Amino acid sequence: MLNRLLSAALVVVATYASGRAAEPVRYRLSFPEPQHRWMQVAATFPDLTPQTLELRMSRSSPGRYSLHDFAKNVYDVRVSGKDGRELPATRPDPDGWTVAGHGGAVNVEYKVYGDRVDGTYLGIDTTHAHINMPAALMWAHGLEDRSATLTFEQPPGRTWRVATQLHPGSRPLEFTAGNLQYLMDSPAEFGPIAMRQFTVDSHAFRLSLHHTGSDADLDACVKEVEKIVRQAGAVYGEYPDYEPGQYTFLVDDLPSAGTDGMEHRNSTVITWPSALASGRLELLDTVAHEFFHSWNVERIRPSGLEPFDFDRANLSGELWLAEGFTQYYGPLILHRAGLTDLSSTARSFTTLVDTVVNDAGRHTRSAEDMSRMAPFIDGGRTIDRTNWSNTVVSYYPFGGAIALALDLALRDRTDNGISLDDFMRAMWRTYGKPGGSREGYVDRPYTAADAEATLADVSGDKTFARDFFSRYIQGHDAADYPRLLARAGLAVRKTHPGRAWLGDVLLVTRNGVRVSTLVAPDWPVYATGLEQDDELQEVAGEHVRGESDLNTALGRHKPGDRVPIVFTDRTGRSIRATVTLAEDPHLEVVPVETPTAAQKAFRARWLGK
Ligand SMILES: [Zn+2]
């Protein structure tokens, strides 16, 4: 700790102070051996003051909430000064290189390995270079406001194209960004991409696809994406002004791609293996989610995420709104666009309602607390065990369930006169539309208090807004979903009515039949002391050799029955106990068989059809 503090005190950040604009930071990306999955980066930091330069690799990536330490894939680092002489670089911490005595400019060359095609990392091979900038580019403390130019070199024998939200430069394969925030927020796909364009309300949209399918597949997909773009625009009543003049969907449909979507200001990266062939609906749901983010999170931005910090994890208590509300709108937009039917939309509500009603975590952490767990749960890996299955509900379904409740509550109070769309529009007008005075920044990020004040304003009822926030967002209540959904002719019912249940215990065969899940405090079997790793031997007199034996044993009983259970805990102690079975509490949302005219009318105003 002392070392770190000392070095921070000694290193004065190098900035350029003079009348004229400083030269941009320049990056050149080349791919001499793409088959070995590394990229060569040459970066030049010109116009420096004499102070030591602190070079960094990011620890985080815009849109990810956890740390990823991209320095881990950087190697063969060579640094030289203004006169071209090689200079030593010292390592103040795992993510940095400091360079002294550079004479006013630093050149750094390094290799970076990357073999992951998703919305966060770097993926290089002979078919493309899929580049998320934080995973690839070194930057410098104090030069955050410098513009940057980025030049791609064709790999041997290839003529690839670039798709990105970066601005075109003065030459082919050259691109620019106004500052570090925008540069890091701008992924690039360099490969044999197909590109399609369309225009909605005089806003331009591009879909870049790297895939192995046919042009017909692509053209069909573009038509569906356009429908989504129209419905998302209808929620807000207008589109943002996309800084490069258009919004770009960067889609990788490749066997080697991960399943991911990541939002940016003027683009999104979506990677989905076999999406066009077999996963079209999941792809479109991701398109709807990520595109909705171009308003909600990219411009309607929680204060905790602004500005994005590349040295540490940002913390926001508002991800239930930024992510959760976006999660709710994805399937809603698909439905309104005519791309899904009522039963499929009801299934998306099932996930939200069942999670928020039945997951134990809601009793421990509020939606705001869950949002603050993001730096741990968003792709972060733990070596130690956690009890998150009992104490954490992801802010995606949690926030989605809050959005569903709020949308229906607003509609219920006003006979469909006011809805969540009005709330999103109000947030857009106040916090999103004013934009940023610098590219890549948001000048008016919001707090939870701002969101509550906006709800008070939109609903015209301060008490309603306070009550909703205190119960469902800051508190631990679940909304009355059966009543709210009934207005639209949707029923909330038990998935397995009358089925005897001792908890969602999962088993694995490993040195006997063992419990592979944590046991939640609200499961009937919790009282017996059963826990993860214990060896389950008998339930209700039935010898248990696997989950089917357990289900058979429970199938002979009804809720309220008291049955014996025999297990050995992980210390080897044999335990006999009695468990009082409950009714399986899991819920599903289904359309009622014969909706009334009023229910049909309500549903039409809400879902479109
Ligand atoms: Zn999202």
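Provided above is the structure to which this section pertains.
The structure contained in this document is the topic of the report that follows.

### Here we look at the overall build of the protein
- If you tally the helices and strands in the protein, you get 17 helices and 30 strands.
- Against the globule reference of 25 Å for 609 residues, the protein gives a C-alpha radius of gyration of 27 Å, in line with a compact fold.
- Across the 609 residues of the protein, 57% fall into the buried class.
- In the protein, the share of contacts with a sequence separation of at least 24, taken over all contacts with a separation of at least 6, comes to 69%.
- Entry remark: accessible area of the protein is about 25,000 Å², with carbon and sulfur atoms responsible for 49%.
- Both charge centroids of the protein, one from 64 positive and one from 79 negative side chains, sit 1 Å from each other.

### Focus on the nonpolar core
- In this structure, Phe291, Phe325, Tyr328, Tyr481, Leu485 and Trp606 are the most contacted members of the largest nonpolar core, which totals 98 residues.
- Counting 52 residues, the second-largest nonpolar core is a separate cluster that includes Val106, Ala129, Ala177 and Phe308.

### Details of the environment of Tyr242
- Tracing the chain through its elements places Tyr242 in the loop between helix H3 (215-236) and strand E18 (246-253).
- On the basis of relative accessibility, which here comes to 6%, the residue Tyr242 falls in the buried class.
- Between the C-alpha atoms of Tyr242 and Leu342, which are 100 residues apart in sequence, the distance is 33 Å.

### Remarks on the pairing of strand E8 (residues 122-125)
- Alternating residues of E8 divide into Leu122 and Ile124 and Gly123 and Asp125, and every residue in both groups is buried.
- Pairing analysis gives four bridges linking E8 to strand E9 (residues 128-131), with the strands arranged antiparallel. Bridge pairing in E9 places Ile124 opposite Ala129.
- The turn linking E8 back onto E9 is made up of two residues.

### Examining the coordination of the zinc ion
- Around the zinc ion, the protein contributes the donor atoms His289 (NE2), His293 (NE2) and Glu323 (OE), at 2.0 to 2.1 Å from the metal centre.
- Each donor residue of the zinc ion belongs to the same chain, and together they define the spacing H-x3-H-x29-E. Accessibility assignment for this pair places His289 and His293 in one class, buried.

### Observations concerning the pattern of salt bridges
- Within the structure shown, the criterion is met by 44 salt bridges.
- Between Asp95 and Arg59 there is a salt bridge whose closest N-O contact spans 3.3 Å. Here Asp95 is found in the loop between strand E5 (86-87) and strand E6 (96-99), whereas its partner Arg59 is found in the loop between strand E3 (53-56) and strand E4 (74-80), with 36 residues between them in sequence.
- Classification of Asp95 by relative accessible area gives buried; the value is 6%.

### Section: the packing of helix H6 (residues 319-336) against helix H12 (residues 420-432)
- Contact geometry for H6 and H12: axes closest at 12 Å, N-to-C directions at 125°. Considering their axes alone, H6 and H12 lie oblique with respect to each other. For H6 against H12, the interelement crossing comes out left-handed. Here Leu321, Phe325, Tyr328, Tyr329 and Arg336 of H6 lie close against H12, whose contacting residues are Leu420, Asp421, Phe423 and Met424.
- A class-by-class count of the residues in the contact of H6 with H12 yields seven nonpolar, no polar and two charged.

What counts and what doesn't
- Residues numbered from 1 in each chain as written.
- Predicted model: local features only at pLDDT ≥ 70, side-chain atom pairs only at ≥ 80, totals over all residues.
- Heavy atoms only, no water.
- Helix = DSSP H or I, 4+ residues; strand = E, 2+ residues; numbered from the N terminus.
- Rg over C-alpha atoms; globule rule 2.2 N^0.38 Å.
- Buried < 20%, exposed > 50% of the residue type's maximum accessible area, 1.4 Å probe, protein only.
- Contact = heavy atoms within 4.5 Å.
- Areas by Shrake-Rupley, 256 points an atom, 1.4 Å probe, with all protein chains shown as cover.
- Lys, Arg positive; Asp, Glu negative; His and termini not counted.
- Charge placed at Lys NZ, Arg CZ, Asp CG, Glu CD.
- Core = buried A, V, L, I, M, F, W, Y, C linked by side-chain atoms within 4.5 Å.
- Pairing = 2+ DSSP bridges.
- Donors = N, O, S within 2.8 Å, 3.2 Å for Na, K, Ca; no water.
- Salt bridge = Lys/Arg side-chain N within 4 Å of Asp/Glu carboxyl O.
- Axes fitted to C-alpha atoms, helices over the stretch in contact; angles between N-to-C directions.
- Parallel < 35°, antiparallel > 145°, perpendicular 65-115°, else oblique.
- Left-handed = near helix turned anticlockwise from the far one by under 90°.
- Nonpolar A, V, L, I, M, F, W, Y, C, P; charged D, E, K, R; others polar.

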